[in-house]
Amino acid sequence: MNRTTDVAVTPGGGSVPTAADRPSPVWQDVTLPVAERVDALVGAMTLDEKLAQLVGVWVGANPSGEGVAPHQHELAGDPVVWAEVIASGLGQLTRPYGTRPVDPVAGARSLAASQRQVADANRFGIPALVHEECLTGFAAWRATAYPAPPAWGASFHPDLVAEMAELIGRSMRAAGVHQGLAPVLDVTRDYRWGRTEETIGEDPYLVGTVGTAYVRGLERSGVVATLKHFAGYSASRAGRNLAPVAIGPREFADVVLPPFEMAVRDGGVRSVMQSYTEIDGLPSAADAGLLTTLLRDTWGFAGTVVADYFAVKFLQTLHGVAEDEADAAALALAAGVDVELPTVRCYGTPLRQAVERGDVDEGLVDRALRRVLRQKVELGLLDPDWSPLPEDAAELRLDTPQARDVALRLARESVVLLANDGVLPLRPDTRLAVVGPLADDPMAMLGCYSFPAHIGVHHPDAGLGLEIPTVLSALRDAVGGTVTHAKGCEVTTKPDGEADDIAAAAAVARDADVCVVAVGDLAGLFGRGTSGEGCDATDLRLPGAQADLVRAVLDTGTPVVLLLITGRPYAIGDLADGAAAVVQAFFPGQLGGRALTDVLTGAVSPSGRLPLGIPADPSGQPGTYLSAPLGRRSEVSNVDPTHVFPFGHGLGYDTFTWSPVRVVSGGEPWTTDGEVELELDVRNPGTRPGADVVQLYLHDPVAQVTRPVVRLIGYARVELAGGASARVTFRVPADITSFTGRDGKRVVEPGAMQLRVSRSSADVHEAVDLRLDGPLREVDHTRRWLTAVSVTHEEVERA
């Protein structure tokens, strides 16, 4: 079917045949099975053509120290010669929109021109797959900036997260992008880690369900979702980025892996990015047991594994397990890394020479190639009618009214009211002071992977590209009374010789009826912020002089609303004690200022719940609520790790009433292969609409290995009009009680169990004691890991 051709070698190393030598276009026949089209291509390709499909190219990479990837200034290298690098084809184009501010319409046209050049330069006419970051929205200039992942977790609303992801994907496809590098499914293990702001939370069930919803939404739009970072990255020692991970196999299996399992099996994800992690001395990029045996052979993943930026090279330069670039390429390829990103280093000439020497089996190249080509076929990039310019590119808008509506809804639902003595909602005509370094800063709303924070800060002349109301401006628009303002201090400590003006902020607060003090983080990269990649914390005190500012305002005697806008939880035990109200937001996106104002003024009742516990004291960390008994407060240590506000905590302006819990079926007995059904009624006794989150936790009092005291196994977000009620039903499979036992196998163990219907991990509404009867069962990745939840609304009661 295919025929061998004589080829001429170009100075760039590519193989260019004449037009008469083109192979038959079997691979373009859309009526044939994907595998047959892929085999036709693989059989016709030279080694150079094969390797070209396994690399990305970052044409816009800036080798200066102001990079957006680890060690970019060292590894970006000399600018590529475009004609040479595409001569044999090209696997991926790296971040054409996310490298500098580009007008979306102009960017789409420029990308289309580049794609046409790529397709025309190789003898098969194969374009590149284009990838971009999309954690808080399409990371492009003028694209909607959505709330950061902890805000997704705080919403406890997977369907809304899926709706957001689908809109993100649509904007990317409209711009000619095929793959998004999100979501992050790392479970938070240490709040000091700078990338905490990229995680959904500290519980694997919440991370898995919300993250899988994001995957479904992005994939539904036609964009390839990419799970990050596989696996264990967030468990680094001391919360330091790229530090070694000290974790046992049981914690790895029961805490780290479940969100990835869920997204692979339930989300239909088509790509995974390996982690920079090294676990017990073995880097993930060289771990065939992780990337091949577990991910592919056991879980059945059939997509592509892409390298985190420069991770293949890091096997040589950072980990010291490879002698040179060829050795690094051989290790990564054998482990199962299919595509080297962000630009060609090890999978180019070094890998070609290794194959030619016989050091690397060309079959490994073909294995990765088939995965890459299959994805391109599935995306339509090899179809005869493929066009490099997306439809309606001339009308491309990346920040639409629909996108802003979803961003606002998610921001509102993510705001967590931690404490309130009645000062909130603010009364009309209140004389209001708004102080703090984040009160009037639009960047306070954005996570480090939003375009303005990630790229835009390096191009200040371009502007934000978005309208981002601040807390101050939104409150001034909404509040009828006088609103005064003083900054008080910076987020970080000022240079020597520059003094903060805390006294001025205290004076403004003293003259007001209520003072809102907005403190927290500014996101950045590699030390250029207080939160974000490479912005790790040595402790959990508020950065800079912000705690001093809060104390000074509290000392005025004016009721204080402590407003935290952060990427991680901070230890605020002493500050919360004196505040009239405490509100937590996790980088709520471009409309976060409006969302916070809606909550503060009572236009919206708060409904967010903490995806990350709030520590009382910085000395009590690291530690999340997922701790065994010895991880809790004890009489043999003077360090108390108890959170001042626990995982799952959050208040509304009306306290919903919950009925007693009823065991509907399956409880007499609950068998090790069965399920139990619980239900309760939830009612909104107030007059305003609101939402509550019913949380279900498992307490396993006796097991063959130590277990977390409680862990989340189900939840229901219940939205009710004033006076309305709903019935919430949980159907809990016995499989959800499983854990990794003494012999390393996952088991469902008979014995006593307690299901706790709760308002938070520490606030139990009712505990239901049950017993699992039956034999010990071994289960695997095909187990039932979701609690089925239904919410049935009833008619509003009328007077």
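What the chain contains, in helices and strands, is 22 helices and 32 strands. Taken over the C-alpha trace, the chain has a radius of gyration of 27 Å; the compact-globule value for 799 residues is 28 Å, and the two agree within 12%. Taking all contacts inside the chain whose residues are at least 6 apart in sequence as the whole, residues at least 24 apart take part in 78%. Distance between charge centroids for the chain: 2 Å, based on 69 positive and 102 negative side chains.

Time to look at empty space enclosed by the protein. Counted according to the given criterion, the structure contains 5 cavities of 30 Å³ or more. In this structure, the second largest cavity encloses a volume near 50 Å³. As for the second largest cavity, its lining consists of Q53, G91, Q92, L129, T304, V339, V372, Q375 and K376. With 3 residues, helix α15 (residues 362-378) is the single largest residue contributor to the lining of the second largest cavity. Broken down by class, the residue content of the lining of the second largest cavity amounts to 3 nonpolar, 5 polar and 1 charged.

The subject of this paragraph is the pairing of strand β7 (residues 224-230). Across the 7 residues of β7, 7 count as buried, placing the element largely inside the fold. Strand direction decides the pairing type here: strand β6 (residues 179-180) and β7, joined by 2 bridges, are parallel. Opposite G180, over in β7, you have A225 as the bridge partner. For the crossover that starts at β6, traverses helix α8 (residues 204-220) and ends in the parallel β7, the hand is right-handed. The pairing of β7 with strand β8 (residues 271-274) spans 3 bridges and is parallel. By the bridge assignment for β8, T226 is matched with S271.

Moving on, we get to the environment of E251. Mapping E251 onto the fold places it in helix α9 (residues 249-256). The partly exposed category is assigned to E251, whose relative accessible area is 30%. For the pair E251 and H643, spaced 392 residues apart in sequence, the C-alpha to C-alpha distance is 22 Å. Residues in contact with E251, not counting those within four places in the same chain, are R189 and V256.

Ordered by their spatial adjacency, 6 strands build an open sheet running β12-β17-β16-β15-β13-β14, and the pairing between neighbours is mixed. The open sheet is flanked by β12 (416-420) and β14 (483-486), the only strands paired with a single partner. In this sheet, adjacent strand axes meet at a mean angle of 20° when their direction is disregarded. Pairing between strand β13 (residues 432-435) and strand β15 (residues 514-520): 4 bridges, direction parallel. Looking at β15, one finds that V435 is bridged to V517. Across the sheet, helix α18 (residues 471-478) is in contact with β13, β14 and β16 (560-566); its angle to β14 comes to roughly 165°.

With that settled, consider the pairing of strand β17 (residues 581-586). One face of the sheet, then the other: side chains in a regular strand alternate in exactly this way. In terms of residue burial, β17 counts as a mostly covered element, since 6 of its 6 residues are buried. Judged by which residues are buried, β17 turns out to be covered on both faces: A581, V583 and A585 on one side and V582, Q584 and F586 on the other are all buried. The pairing of β12 with β17 spans 4 bridges and is antiparallel. Following the sheet pairing, N420 is matched in β17 by A581. Judged from the 6 bridges that link them, β16 and β17 form a sheet pairing that is parallel. Its bridge partner being in β17, L564 is matched across the sheet by Q584. Each parallel crossover has a hand, and the one from β16 via helix α21 (residues 573-578) to β17 is right-handed.

Moving on to the sheet that holds strand β29 (residues 751-760). Read from one edge of the open sheet, 5 strands run β22-β30-β29-β24-β25, paired in mixed fashion. Edge positions in the open sheet fall to β22 (670-671) and β25 (711-720), since each of these has one partner strand only. Looking at chain direction, strand β24 (residues 690-699) and β25 are connected through 9 bridges and run antiparallel. Pairing of V694 across the sheet is with A716, part of β25.

In this section: unusual backbone geometry. Going from K228 to H229, the amide bond is cis rather than trans, its omega being -10°. Following the sequence through the fold, H229 ends up in strand β7. Cis peptide bonds are those with omega within 30 degrees of zero, and the linkage from L341 to P342 qualifies with 5°. Looking at the secondary structure, you find P342 in the loop between α13 (325-335) and α14 (349-357). A positive phi is found at L242, a non-glycine position, where the angle reads about 65°. Mapped onto the elements, L242 comes out in the loop between β7 and α9. Residue L242 is classed as partly exposed on the basis of its relative accessible area of 28%. For F310, which is not glycine, the phi torsion reads 70° and is therefore positive. Its place among the elements puts F310 in the loop between β11 (304-306) and α12 (311-317).

As a further point, take the state of the cysteines. Linking two cysteines covalently via their sulfur atoms produces the bond known as a disulfide. The final tally for this structure, using the stated rule, is 0 disulfides. Cysteine C448 is unpaired, with the sulfur of C535 as its nearest cysteine sulfur at 7.3 Å. Judged by relative accessible area, C448 falls into the buried class, the value being 0%.

With that settled, consider the packing of aromatic side chains. The tally for this structure, following the rule as stated, stands at 13 aromatic pairs. Ring centres of Y233 and Y276 lie 6.0 Å apart, and the angle between their planes is 75°; this geometry places the pair in the edge-to-face category. Linking Y233 in the loop between β7 and α9 with Y276 in the loop between β8 and β9 (278-279), this pair joins segments that are 43 residues apart in sequence. The exposure class of Y233 is buried, given its relative accessible area of 2%.

Before going further, it helps to examine the nonpolar core. Membership of the largest hydrophobic core comes to 168 residues, with the highest contact counts inside it found for Y214, F230, Y347 and L755. What F230 contacts, discounting residues up to four positions off in sequence, is L257, F260, V272, M273, Q274, S275, S284, L290, L291, L294, L295 and W299. One finds V508, A509, I572 and L575 within the second-largest nonpolar core, a separate group that totals 39 residues.

Turning to its location among the elements, D521 is positioned in the loop between β15 and α20 (546-554). One buried charged side chain, D521, makes no salt bridge at all; its nearest oppositely charged neighbour is R568, positioned 4.3 Å away. A polar atom in the side chain of D521 sits 2.7 Å from the side chain of T530. Here G567 takes part through its backbone nitrogen, which lies 3.0 Å from a polar atom of the side chain of D521. In contact with D521, not counting residues within four places along its chain, are L438, V491, T530, S531, P543, I565, T566, G567, R568, Y570 and F587.

What counts and how
- Residues numbered from 1 in each chain as written.
- Predicted model: local features only at pLDDT ≥ 70, side-chain atom pairs only at ≥ 80, totals over all residues.
- Heavy atoms only, no water.
- Helix = DSSP H or I, 4+ residues; strand = E, 2+ residues; numbered from the N terminus.
- Rg over C-alpha atoms; globule rule 2.2 N^0.38 Å.
- Contact = heavy atoms within 4.5 Å.
- Lys, Arg positive; Asp, Glu negative; His and termini not counted.
- Charge placed at Lys NZ, Arg CZ, Asp CG, Glu CD.
- 1 Å grid on protein atoms, 1.4 Å probe; cavity = no way out; pocket = protein on both sides within 12 Å on 5 of 7 lines; lining within 4 Å.
- Points joined across faces, edges and corners; volume = space filled by probe spheres on them.
- Nonpolar A, V, L, I, M, F, W, Y, C, P; charged D, E, K, R; others polar.
- Buried < 20%, exposed > 50% of the residue type's maximum accessible area, 1.4 Å probe, protein only.
- Pairing = 2+ DSSP bridges.
- Right-handed = clockwise from strand over helix to strand, strands pointing away.
- Axes fitted to C-alpha atoms, helices over the stretch in contact; angles between N-to-C directions.
- Disulfide = S-S within 2.5 Å.
- Phe/Tyr/Trp six-rings, centres within 6.5 Å; stacked < 30°, edge-to-face > 60°.
- Core = buried A, V, L, I, M, F, W, Y, C linked by side-chain atoms within 4.5 Å.
- Salt bridge = Lys/Arg side-chain N within 4 Å of Asp/Glu carboxyl O.
- Polar contact = N/O pair within 3.5 Å; in protein donor to acceptor, adjacent residues only side chain to side chain.

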